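# Remarks on the overall topology
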Amino acid sequence: MRTKIVAGNWKMNTTAADAHVLATGIRSGVEHIERIETIICPPSIWLGVLAHGVIQRGQYPHLHLGAQNMYFQETGAYTGEISPLMVKEVAKYVIVGHSERTHIFREDEELINHKVQAAFAHDITPILCVGEEEQSATSKETVIRELKKLIDGLELADVKKLVVAYEPVWAVGTGKAATPAYAEDVIVHLRTILPEETRVLYGGSVTEENARGFLALPDCDGFLIGGTSLKLKPFLTVCQYADDAAQAGGHRSLHN
Ligand code: 13P
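One structure accompanies this document, and this report is about it. Keep in mind that this is a model prediction, so the values were computed, not measured. (Residues numbered from 1 in each chain as written. Predicted model: local features only at pLDDT ≥ 70, side-chain atom pairs only at ≥ 80, totals over all residues. Heavy atoms only, no water.)

## Quick look at the pattern of salt bridges
Evaluated as defined, the whole model comprises 13 salt bridges. The partner of Lys 160 in a salt bridge is Glu 197, with the nearest N and O atoms 3.9 Å apart. Residue Lys 160 is found in helix α7 (residues 156–161), and its partner Glu 197 is found in the loop between α8 (180–191) and β7 (199–202); the two are separated by 37 residues along the sequence. Take Glu 197: its relative accessible area is 39%, and that puts it in the partly exposed class. Via salt bridges that share partners, Arg 2, Arg 191, Glu 196, Asp 219 and Asp 221 belong to a single interconnected network. (Salt bridge = Lys/Arg side-chain N within 4 Å of Asp/Glu carboxyl O. Helix = DSSP H or I, 4+ residues; strand = E, 2+ residues; numbered from the N terminus. Buried < 20%, exposed > 50% of the residue type's maximum accessible area, 1.4 Å probe, protein only.)

## A look at α8
For α8, built from 12 residues, the straight-helix expectation of 16 Å at 1.5 Å per residue is met to within 8% by its first-to-last C-alpha distance of 16 Å. Residues of α8 that are buried include every one of Tyr 182, Ala 183, Glu 184, Val 186, Ile 187, Leu 190 and Arg 191, and no others. The inward-facing, buried residues of α8 abut β5 (125–130), α6 (139–150), β6 (163–166), β7 and α9 (211–215). (Expected span 1.5 Å × (residues − 1). Contact = heavy atoms within 4.5 Å.)

## Here we look at the side chain of Ser 99
Turning to its location among the elements, Ser 99 is positioned in helix α4 (residues 99–104). In contact with Ser 99, not counting residues within four places along its chain, are Val 169 and Val 172.

## Let's talk about the packing of helix α1 (residues 16–29) against helix α10 (residues 232–247)
One can describe the packing of α1 onto α10 by two numbers: an axis separation of 10 Å at closest approach and a directional angle of 30°. Between α1 and α10, the crossing angle belongs to the class labelled roughly parallel. Considering the relative orientation of α1 and α10, their crossing is right-handed. Packed against α1, whose contacting residues are Leu 22, Gly 25, Ile 26 and Gly 29, the element α10 presents Leu 232, Phe 235 and Leu 236 at the interface. The residue makeup of the contact of α1 with α10, split by class, is 5 nonpolar, 2 polar and no charged. (Axes fitted to C-alpha atoms, helices over the stretch in contact; angles between N-to-C directions. Parallel < 35°, antiparallel > 145°, perpendicular 65-115°, else oblique. Left-handed = near helix turned anticlockwise from the far one by under 90°. Nonpolar A, V, L, I, M, F, W, Y, C, P; charged D, E, K, R; others polar.)

## Observations regarding the site of the ligand
Taken together, the neighbourhood of the ligand is formed by 13 residues, with Lys 11, His 98, Gly 173, Ser 205 and Gly 227 sitting nearest. At 3.0 Å, a side-chain N or O of Asn 9 approaches an oxygen atom of the ligand. Between an oxygen atom of the ligand and a side-chain N or O atom of Glu 167, the distance comes to 2.9 Å. Considered on its own, the ligand offers 300 Å² of accessible surface; in the complex 94% of this is hidden by protein. Of the residues that constitute the shell around the ligand, the class distribution is 4 nonpolar, 7 polar and 2 charged. (Near = heavy atom within 4 Å. Polar contact = N/O pair within 3.5 Å; in protein donor to acceptor, adjacent residues only side chain to side chain. Areas by Shrake-Rupley, 256 points an atom, 1.4 Å probe, with all protein chains shown as cover.)

## Examining the pairing of strand β4 (residues 93–96)
What you see with β4 is no split at all: Tyr 93 and Ile 95 on one side and Val 94 and Val 96 on the other are buried throughout. As paired strands, strand β3 (residues 63–67) and β4 are joined by 2 bridges and run parallel to one another. Residue pairing across strands places Gly 66 opposite Tyr 93, the latter belonging to β4. Regarding the hand of the β-α-β motif, the stretch spanning β3, helix α3 (residues 84–90) and β4 is right-handed. Sheet topology places β4 next to β5; 4 bridges connect them, and they run parallel. Residue pairing in the sheet places Val 94 in a bridge with Pro 126 of β5. (Pairing = 2+ DSSP bridges. Right-handed = clockwise from strand over helix to strand, strands pointing away.)

Read these as geometric descriptors, not functional statements.
Pasting the structure below:
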(Lines give C-alpha, C1' and ligand atoms only; values in the text may rest on other atoms or scores of the structure.)
Protein backbone atom coordinates (compact mmCIF):
# COMPACT_ATOMS: atom_id res chain seq x y z
CA MET A 1 0.00 0.00 0.00
CA ARG A 2 1.37 3.42 -0.91
CA THR A 3 1.48 5.92 1.97
CA LYS A 4 -0.51 9.01 1.11
CA ILE A 5 1.15 12.40 1.04
CA VAL A 6 -0.18 15.89 1.66
CA ALA A 7 2.51 18.38 0.65
CA GLY A 8 2.19 22.14 1.03
CA ASN A 9 4.10 24.29 -1.44
CA TRP A 10 4.24 27.70 0.17
CA LYS A 11 5.83 29.18 -2.99
CA MET A 12 7.27 32.69 -2.41
CA ASN A 13 5.11 33.48 0.60
CA THR A 14 5.63 33.96 4.36
CA THR A 15 7.84 36.15 6.52
CA ALA A 16 10.07 34.42 9.06
CA ALA A 17 7.39 34.99 11.68
CA ASP A 18 4.60 33.66 9.40
CA ALA A 19 6.67 30.58 8.60
CA HIS A 20 7.26 29.88 12.27
CA VAL A 21 3.59 30.27 13.20
CA LEU A 22 2.31 28.22 10.26
CA ALA A 23 4.85 25.42 10.69
CA THR A 24 4.20 25.27 14.44
CA GLY A 25 0.46 25.04 13.78
CA ILE A 26 0.97 22.26 11.26
CA ARG A 27 3.28 20.38 13.61
CA SER A 28 0.70 20.41 16.40
CA GLY A 29 -2.17 19.74 14.02
CA VAL A 30 -0.65 16.63 12.46
CA GLU A 31 0.65 15.14 15.66
CA HIS A 32 -2.12 12.54 15.59
CA ILE A 33 -2.30 12.26 11.81
CA GLU A 34 0.06 9.36 11.46
CA ARG A 35 -1.17 7.31 8.54
CA ILE A 36 0.01 9.83 5.96
CA GLU A 37 3.13 11.86 5.34
CA THR A 38 2.75 15.61 5.63
CA ILE A 39 5.38 17.68 3.86
CA ILE A 40 6.03 21.39 4.26
CA CYS A 41 7.88 23.11 1.41
CA PRO A 42 8.68 26.62 2.63
CA PRO A 43 10.86 29.17 0.82
CA SER A 44 14.44 27.85 0.99
CA ILE A 45 15.54 30.67 3.27
CA TRP A 46 13.36 29.24 6.06
CA LEU A 47 14.35 25.59 5.61
CA GLY A 48 17.31 25.71 7.98
CA VAL A 49 15.52 27.49 10.76
CA LEU A 50 12.50 25.17 10.53
CA ALA A 51 14.69 22.07 10.30
CA HIS A 52 16.58 23.03 13.43
CA GLY A 53 13.61 24.40 15.33
CA VAL A 54 9.95 23.68 14.72
CA ILE A 55 10.32 20.50 12.63
CA GLN A 56 13.38 18.84 14.08
CA ARG A 57 14.30 16.12 11.68
CA GLY A 58 13.59 12.64 12.90
CA GLN A 59 11.48 13.81 15.81
CA TYR A 60 8.27 13.86 13.82
CA PRO A 61 8.40 10.74 11.64
CA HIS A 62 5.28 11.69 9.64
CA LEU A 63 6.18 15.34 9.08
CA HIS A 64 8.90 16.33 6.65
CA LEU A 65 10.40 19.35 4.98
CA GLY A 66 10.85 19.76 1.26
CA ALA A 67 12.73 22.35 -0.77
CA GLN A 68 10.85 24.03 -3.61
CA ASN A 69 13.77 23.79 -6.01
CA MET A 70 17.53 23.20 -6.19
CA TYR A 71 20.33 23.19 -8.75
CA PHE A 72 21.98 19.90 -9.70
CA GLN A 73 25.63 20.82 -9.07
CA GLU A 74 27.10 20.26 -5.62
CA THR A 75 29.08 23.48 -5.24
CA GLY A 76 30.43 26.30 -7.38
CA ALA A 77 29.78 29.64 -9.00
CA TYR A 78 26.00 29.46 -9.34
CA THR A 79 24.83 32.70 -7.77
CA GLY A 80 21.45 32.45 -6.12
CA GLU A 81 21.15 28.67 -6.30
CA ILE A 82 21.08 26.02 -3.60
CA SER A 83 22.67 22.60 -4.05
CA PRO A 84 21.66 19.04 -3.22
CA LEU A 85 24.33 18.99 -0.50
CA MET A 86 22.61 21.93 1.18
CA VAL A 87 19.10 20.62 0.71
CA LYS A 88 20.08 17.24 2.08
CA GLU A 89 21.06 18.79 5.40
CA VAL A 90 17.63 20.22 6.02
CA ALA A 91 15.02 18.45 3.88
CA LYS A 92 13.93 15.00 2.78
CA TYR A 93 12.10 16.09 -0.37
CA VAL A 94 12.58 18.57 -3.20
CA ILE A 95 10.00 19.81 -5.68
CA VAL A 96 11.44 19.62 -9.17
CA GLY A 97 10.09 20.92 -12.45
CA HIS A 98 7.20 22.97 -11.08
CA SER A 99 5.35 24.77 -13.90
CA GLU A 100 6.29 28.12 -12.35
CA ARG A 101 9.96 27.12 -12.76
CA THR A 102 9.46 26.12 -16.38
CA HIS A 103 7.34 29.15 -17.33
CA ILE A 104 8.90 31.99 -15.38
CA PHE A 105 12.45 30.72 -15.06
CA ARG A 106 12.60 28.86 -18.37
CA GLU A 107 13.77 25.54 -16.99
CA ASP A 108 13.83 22.90 -19.71
CA GLU A 109 13.36 19.14 -19.61
CA GLU A 110 17.09 18.38 -19.70
CA LEU A 111 17.75 20.59 -16.67
CA ILE A 112 14.84 19.05 -14.76
CA ASN A 113 16.12 15.55 -15.58
CA HIS A 114 19.55 16.54 -14.16
CA LYS A 115 17.87 17.79 -11.01
CA VAL A 116 15.92 14.56 -10.53
CA GLN A 117 19.12 12.53 -10.96
CA ALA A 118 21.01 14.81 -8.57
CA ALA A 119 18.28 14.46 -5.95
CA PHE A 120 18.53 10.67 -6.00
CA ALA A 121 22.32 10.80 -6.01
CA HIS A 122 22.05 12.66 -2.69
CA ASP A 123 19.25 10.66 -1.12
CA ILE A 124 16.68 13.40 -1.53
CA THR A 125 13.27 12.35 -2.85
CA PRO A 126 12.11 14.44 -5.77
CA ILE A 127 8.49 15.49 -6.11
CA LEU A 128 8.47 15.74 -9.87
CA CYS A 129 5.78 17.95 -11.40
CA VAL A 130 4.18 17.21 -14.75
CA GLY A 131 1.07 18.64 -16.36
CA GLU A 132 -0.42 19.87 -19.60
CA GLU A 133 -0.79 23.57 -20.41
CA GLU A 134 -4.35 23.29 -21.64
CA GLN A 135 -7.12 20.83 -21.15
CA SER A 136 -7.56 18.87 -24.36
CA ALA A 137 -8.30 15.48 -25.84
CA THR A 138 -4.54 14.82 -26.07
CA SER A 139 -3.66 15.84 -22.49
CA LYS A 140 -2.81 12.30 -21.45
CA GLU A 141 -0.37 11.82 -24.31
CA THR A 142 1.27 15.20 -23.66
CA VAL A 143 1.80 14.46 -19.99
CA ILE A 144 3.15 10.96 -20.46
CA ARG A 145 5.59 12.21 -23.10
CA GLU A 146 6.81 14.83 -20.64
CA LEU A 147 7.16 12.32 -17.80
CA LYS A 148 9.16 9.92 -19.98
CA LYS A 149 11.70 12.63 -20.77
CA LEU A 150 11.97 13.79 -17.17
CA ILE A 151 12.65 10.32 -15.76
CA ASP A 152 14.89 9.20 -18.61
CA GLY A 153 17.94 7.28 -17.35
CA LEU A 154 16.66 6.68 -13.82
CA GLU A 155 17.14 3.29 -12.17
CA LEU A 156 13.94 1.37 -11.50
CA ALA A 157 14.69 1.47 -7.76
CA ASP A 158 14.68 5.26 -7.93
CA VAL A 159 11.50 5.47 -9.99
CA LYS A 160 9.83 3.44 -7.24
CA LYS A 161 10.84 6.08 -4.70
CA LEU A 162 9.91 9.00 -6.93
CA VAL A 163 6.85 11.10 -6.15
CA VAL A 164 5.09 12.42 -9.25
CA ALA A 165 2.81 15.44 -8.90
CA TYR A 166 0.28 15.72 -11.70
CA GLU A 167 -0.45 19.43 -11.83
CA PRO A 168 -2.42 20.51 -14.89
CA VAL A 169 -1.08 24.01 -15.53
CA TRP A 170 -4.57 25.37 -16.20
CA ALA A 171 -5.62 24.33 -12.69
CA VAL A 172 -2.65 25.83 -10.79
CA GLY A 173 -3.68 28.91 -8.85
CA THR A 174 -6.83 29.43 -10.94
CA GLY A 175 -9.49 28.14 -8.59
CA LYS A 176 -10.49 25.70 -11.34
CA ALA A 177 -9.40 22.26 -10.19
CA ALA A 178 -9.59 19.28 -12.52
CA THR A 179 -12.50 16.99 -11.81
CA PRO A 180 -11.48 13.83 -9.96
CA ALA A 181 -12.51 11.74 -12.98
CA TYR A 182 -10.31 13.80 -15.30
CA ALA A 183 -7.34 13.57 -12.92
CA GLU A 184 -7.83 9.82 -12.49
CA ASP A 185 -7.86 9.32 -16.24
CA VAL A 186 -4.49 11.06 -16.63
CA ILE A 187 -2.96 9.44 -13.54
CA VAL A 188 -3.99 5.95 -14.67
CA HIS A 189 -2.27 6.68 -17.97
CA LEU A 190 0.90 7.86 -16.19
CA ARG A 191 0.87 4.68 -14.15
CA THR A 192 1.25 2.62 -17.31
CA ILE A 193 4.94 3.61 -17.33
CA LEU A 194 5.45 3.68 -13.57
CA PRO A 195 5.97 0.87 -11.09
CA GLU A 196 3.17 0.15 -8.63
CA GLU A 197 5.16 1.71 -5.75
CA THR A 198 5.47 5.20 -7.26
CA ARG A 199 3.27 7.71 -5.56
CA VAL A 200 1.32 10.07 -7.78
CA LEU A 201 -0.22 13.23 -6.33
CA TYR A 202 -2.71 15.69 -7.75
CA GLY A 203 -2.09 19.44 -7.58
CA GLY A 204 -4.06 22.45 -8.80
CA SER A 205 -6.61 24.44 -6.79
CA VAL A 206 -7.04 21.79 -4.10
CA THR A 207 -9.30 22.96 -1.28
CA GLU A 208 -10.94 21.42 1.74
CA GLU A 209 -14.13 21.34 -0.34
CA ASN A 210 -12.80 19.32 -3.26
CA ALA A 211 -10.11 17.20 -1.55
CA ARG A 212 -12.28 14.22 -0.69
CA GLY A 213 -13.23 13.68 -4.31
CA PHE A 214 -9.57 13.09 -5.19
CA LEU A 215 -8.92 10.98 -2.11
CA ALA A 216 -11.59 8.54 -3.28
CA LEU A 217 -9.57 7.86 -6.44
CA PRO A 218 -7.78 4.52 -6.47
CA ASP A 219 -4.71 5.89 -8.23
CA CYS A 220 -4.19 9.26 -6.55
CA ASP A 221 -1.96 9.19 -3.47
CA GLY A 222 -2.57 12.68 -2.15
CA PHE A 223 -1.79 16.27 -2.98
CA LEU A 224 0.69 18.98 -3.75
CA ILE A 225 -1.12 22.07 -2.52
CA GLY A 226 -0.35 25.75 -3.10
CA GLY A 227 -2.78 28.41 -1.84
CA THR A 228 -4.65 26.19 0.63
CA SER A 229 -1.35 25.19 2.29
CA LEU A 230 -0.93 28.75 3.54
CA LYS A 231 -4.17 28.54 5.54
CA LEU A 232 -3.68 26.44 8.64
CA LYS A 233 -7.19 25.13 9.24
CA PRO A 234 -8.08 24.18 5.66
CA PHE A 235 -4.66 22.56 5.20
CA LEU A 236 -5.08 20.50 8.36
CA THR A 237 -8.58 19.53 7.27
CA VAL A 238 -7.16 18.15 4.01
CA CYS A 239 -4.52 16.24 6.01
CA GLN A 240 -7.28 14.80 8.20
CA TYR A 241 -9.30 13.73 5.15
CA ALA A 242 -6.22 12.02 3.72
CA ASP A 243 -5.65 10.23 7.00
CA ASP A 244 -9.31 9.16 7.08
CA ALA A 245 -8.98 7.85 3.52
CA ALA A 246 -5.85 5.94 4.50
CA GLN A 247 -7.67 4.43 7.46
CA ALA A 248 -10.60 3.43 5.30
CA GLY A 249 -8.20 1.43 3.16
CA GLY A 250 -7.54 4.40 0.98
CA HIS A 251 -8.33 3.04 -2.35
CA ARG A 252 -12.07 3.11 -2.75
CA SER A 253 -13.27 2.76 -6.27
CA LEU A 254 -14.83 5.70 -8.07
CA HIS A 255 -17.68 3.41 -8.95
CA ASN A 256 -18.93 2.40 -5.52
P1 13P B 1 -2.64 25.93 -6.00
O2 13P B 1 -3.04 24.89 -5.01
O3 13P B 1 -2.54 27.31 -5.40
O4 13P B 1 -3.46 25.86 -7.25
O5 13P B 1 -1.13 25.59 -6.44
C6 13P B 1 -0.85 24.30 -6.83
C7 13P B 1 0.62 24.20 -6.93
O8 13P B 1 1.23 24.79 -7.79
C9 13P B 1 1.31 23.36 -5.94
O10 13P B 1 2.63 23.16 -6.31
